[in-house]
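An overview of the molecular structure
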Amino acid sequence: MTDPSNVRASTIKHWQTLSFRDADAMMTWLKAIGFSEHATYRDEADPSVVTHAEWLWPGGGGIMFGSVRPDGVLDGTGPSAAYLVTDDPDAVFNAAVAGGASVVREMVDQDYGGRGGSVLDPEGNHWSFGNYQPA
């Protein structure tokens, strides 16, 4: 994987946005698969509520998310889908499953090149991991 310290949030122009029922559990899962925390803001009155978070993918890109709440931008959670390019998709896939994801598609060598597989995270979002880099 690319070193997350090489990714600067100011250079990212696409941010996927999600809401989570259990943001703390999902942050643990996101960290396990390779995301790094850039910023996480919590509700001062209830620190268990994440009002806004920005996390970076080491190969580029990022996600913004928060806890499901009445005044949140998104109404409810998932399902959402994302494809993450990584040099070691098997390692990311295995970390995702070890962190509580369920397998949707086992890791396989793709006919179009690269290797990939996919899972559902603990909140039902679909994540695909592969080393195929779209041209």
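The structure this text deals with has already been given above.
Overview of the structure.

The rules we used
Residues numbered from 1 in each chain as written. Predicted model: local features only at pLDDT ≥ 70, side-chain atom pairs only at ≥ 80, totals over all residues. Heavy atoms only, no water. 1 Å grid on protein atoms, 1.4 Å probe; cavity = no way out; pocket = protein on both sides within 12 Å on 5 of 7 lines; lining within 4 Å. Points joined across faces, edges and corners; volume = space filled by probe spheres on them. Helix = DSSP H or I, 4+ residues; strand = E, 2+ residues; numbered from the N terminus. Nonpolar A, V, L, I, M, F, W, Y, C, P; charged D, E, K, R; others polar. Pairing = 2+ DSSP bridges. Axes fitted to C-alpha atoms, helices over the stretch in contact; angles between N-to-C directions.

What about the layout of surface pockets?
Counted as a void, the largest pocket has a volume near 260 Å³. Lining the largest pocket are 16 residues, with Trp 57, Gly 60, Gly 61, Tyr 83 and Leu 84 positioned closest to its centre. Residue assignment for the lining of the largest pocket shows that the elements contributing at least two residues are strand 4 (62-67) and strand 5 (81-85). At four residues, strand 5 tops the list of elements feeding residues into the lining of the largest pocket. Across the lining of the largest pocket, the residue classes break down as nine nonpolar, seven polar and no charged.

Observations concerning the sheet that holds strand 5
Strand order in the open sheet formed by four strands is 5-8-7-6, with mixed pairing between adjacent strands. Bordering the open sheet on either side are strand 5 and strand 6 (102-109), each of which pairs with just one other strand. Neighbour-to-neighbour, the strand axes of the sheet open up by a mean angle of 15 degrees, direction not taken into account. By the bridge criterion, five bridges tie strand 7 (residues 115-120) to strand 8 (residues 126-130) in an arrangement that is antiparallel. Along strand 8, the bridge assignment pairs Ser 118 with Ser 128.

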